[in-house]
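Here are the chains, one letter per residue:
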Amino acid sequence: MIYDPIDIALILVKIGLVFVVILTLAAYLVFAERKVLAWIQDRKGPNRAGPFGLLQPLADLIKLLTKEDFRPIGADKWLFYLAPAMAAIPAIMIFAVIPFGAPLTLFGHTVQMQVSDLNVGLLLFMALSSVAVYGVALGGWASNSKYALLGSIRGLAQLISYELSMGLSLVPVVMLARSFRLSDIVNAQSGCWFIVYQPLAFTIFLISIAAECKRIPFDLPEAEGELVAGYHTEYSGMRFGLFFVGEYINIIVLGGLAATFFLGGWHGPWLPPVIWFTLKVFSFAFLFIWMRGTMPRLRYDQLMHFGWKVLTPLALVNIVVTGWWLVLRG
Amino acid sequence: MKILSDIAALLTGMWITWKHIFRRPVTIQYPEEKRTPYPRYRARIVLTRDPDGGERCVACQLCSASCPVDCITMQSAEGPDGRRYAEWFRINFARCIFCGLCAEACPTLAIQMTPDFEICTRDIMDLVYEKEDLLIDGCGKSPDYNFYRHAGIGVTQPRGSGAEEKPPVDVRGLLP
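Not measured: the values here are computed from a predicted model.

Caption draft 1: Just the overall build of chain B, in detail. Secondary structure assignment for chain B yields five helices and five strands. Seen in sequence order, chain B has helices and strands lined up from the N terminus as α-β-α-β-β-α-β-β-α-α. Relative to the 2.2 N^0.38 estimate, which gives 16 Å for 176 residues, the radius of gyration of chain B is 26 Å and therefore markedly larger than a compact globule would have. Across its three principal axes, chain B shows a C-alpha extent of roughly 95 × 50 × 25 Å. The proportion of buried residues among the 176 residues of chain B is 16%. Summarising the internal contacts of chain B: among those between residues at least 6 apart in sequence, 68% fall at separations of at least 24.

Caption draft 2: Broad picture of unusual backbone geometry. Even without glycine at this site, Phe52 of chain A takes up a positive phi of about 55°. With respect to the helices and strands, the residue Phe52 of chain A is situated in the loop between helix H1 (5-40) and helix H2 (56-66). If you check the backbone angles, Gln61 of chain B has positive phi at about 75° while not being a glycine.

Caption draft 3: Structural detail: helix H1 (residues 2-21) of chain B. The end-to-end C-alpha distance of H1 of chain B is 29 Å, a good match for the 28 Å that 20 residues give at a rise of 1.5 Å each. In terms of residue burial, H1 of chain B counts as a barely covered element, since only zero of its 20 residues are buried.

Caption draft 4: Region of interest: the confidence of the model for chain B. In this model, chain B carries an average pLDDT of 87, and 99% of its residues clear a pLDDT of 70 or more. The complex model carries a pTM of 0.79, and its ipTM stands at 0.76.

Caption draft 5: Broad picture of the interface of chain B and chain A. In this complex, chain B contributes nine residues to the contact, which on the side of chain A involves ten residues. Across the side of chain B that touches chain A, the residue classes break down as four nonpolar, four polar and one charged.

Caption draft 6: Up close: the nonpolar core. All names here are of chain A. Ranked by size, the top nonpolar core spans 77 residues in total, and within it Phe205, Ile249, Ile252, Ala258 and Phe261 carry the most contacts. The biggest single contributor to this core is helix H10 (residues 237-262), with 15 residues. Contacts of Phe261, omitting those with residues within four sequence positions, involve Leu170, Val173, Ile185, Phe194 and Phe205.

Caption draft 7: How the structure looks around the environment of Phe117 of chain B. All names here are of chain B. Relative to the assigned elements, Phe117 resides in the loop between strand E4 (111-113) and strand E5 (128-129). Given 13 C-beta atoms within 10 Å, Phe117 falls into the partly exposed group. On a C-alpha basis, the gap between Phe117 and Ile72 in space is 18 Å, while along the polypeptide they are 45 residues apart. Leaving out residues up to four positions away in the same chain, Phe117 has contacts with Pro37 and Ala43.

Caption draft 8: Fine view of the sheet that holds strand E3 (residues 84-92) of chain B. Residue and element names in this part refer to chain B. Pairing is antiparallel across the open sheet formed by three strands, whose spatial order is E2-E3-E5. Every interior strand has two partners, whereas the edge strands, strand E2 (72-78) and E5, have only one. Taken together, the two bridges between E3 and E5 define a ladder with antiparallel strand orientation. Paired with Ile91 across the bridge in E5 is Tyr129.

Caption draft 9: The arrangement of the pairing of E3 of chain B in detail. All names here are of chain B. Where E2 meets E3, seven bridges bridge the pair, whose relative direction is antiparallel. Paired with Ile72 across the bridge in E3 is Ile91. Taken together, E2 and the strand that follows it, E3, pair antiparallel across an intervening segment of five residues, in which Gly82 is found at a positive phi of about 85°.

Analysis parameters
Residues numbered from 1 in each chain as written. Chains lettered and ligands numbered in written order. Predicted model: local features only at pLDDT ≥ 70, side-chain atom pairs only at ≥ 80, totals over all residues. Helix = DSSP H or I, 4+ residues; strand = E, 2+ residues; numbered from the N terminus. Rg over C-alpha atoms; globule rule 2.2 N^0.38 Å. Buried ≥ 20, exposed ≤ 12 C-beta atoms within 10 Å, placed from the backbone. Contact = placed C-beta atoms within 7 Å. Expected span 1.5 Å × (residues − 1). pLDDT = per-residue confidence, 0-100. Nonpolar A, V, L, I, M, F, W, Y, C, P; charged D, E, K, R; others polar. Core = buried A, V, L, I, M, F, W, Y, C linked by C-beta atoms within 7 Å. Pairing = 2+ DSSP bridges.

This is the structure in structure tokens:
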């Protein structure tokens, strides 16, 4: 297989662009979350650093970078140092398969607005989202702390409860689009978004991704009222920052995936495709922040019960019904 | 259908938080905006003077005794006219909890609370206020009260000539 140097250059540019944009967005998502939560609670939120507090993410970054990098006695050194990266890197890698705009034509080349158009993109997402939980599990285990260990145990229990229903809720999408390739899934929705055919699958997926990004009401692994900070209790400085930013990258990425699978990806009238995609991602991010400002935390057994006895059977029934419908329609 | 009412409850919560996003924040931006405390707000303590300009404090130690954190100390002394006063008077605001018990206990209304709460400093020793820092040239919250006019002891006027006071009783006249 021969590669054109322009193609390689374009791919490198896309990787760099996605990396910078996602990291900046994640930093500003933290700021947006603090602002929106403050508004919900009738406060003003951060407004001291720069105009309207817009330099707050920068100030946070400087603070995290200059803090002491602390390691508890008896912690497993290598796992303790690696775990934050294991949580953050898979999150940003998932974005490689998400198409964020209509294909462009540059220098006579058709440029997919997507870092890599894998034919098993959906499976790659499922695999990487499971790998990200290893960061949580190993980080908590390597910390040599009871609270951190409890947090990571909860993280694992949560994983097996929601990951199954999340995977099952995506099966009807694949059945409708007849492809695992994310660009095909988006193109299949050029007429009608899949949320119209699959409202139940969308609801299950939405609940599952809230559990996947460890957000309230499913923030059991870090439950600050019960477990100090859960699996990242013992982390300080930029290692904590990596866990933190990984979580917000996860929100952006999973919002993008929800938009891709159910809301037609970059499809939409009047506005440019990239703007549509960004709008959809932001509305998911806002929904998560809004939910955090509203809901209480579920109990550990309630989440397991909900995942195994409600979401998974519903997703299975949904698959069967979708299959019947596709067969009857021919 | 319990599940429907549960979903309705969730949506009600979401609707309430949505409404609060657009409500005006209750925050007061402290160094720029300041709220005016109520007149009876309990903050910095002062020693007041009576309407004639004399010190009200008679160094009776009641404030010091009532103070739950023991932040008030003083040394009592007596003037040539028999009037008691504090030789020195010290309040350690680093310990004071602004409970107002000293002001409650004071029989001469000398020690009073003011609404001035901005007394923080860089050096903790600056929070130890001496008598000259505490004493003000005014009567505070009770402009007319003068303890010695009511006390019945002959310091500012002969015994029995104070306000609402009867002349001293001749004890021998009471004998049966």
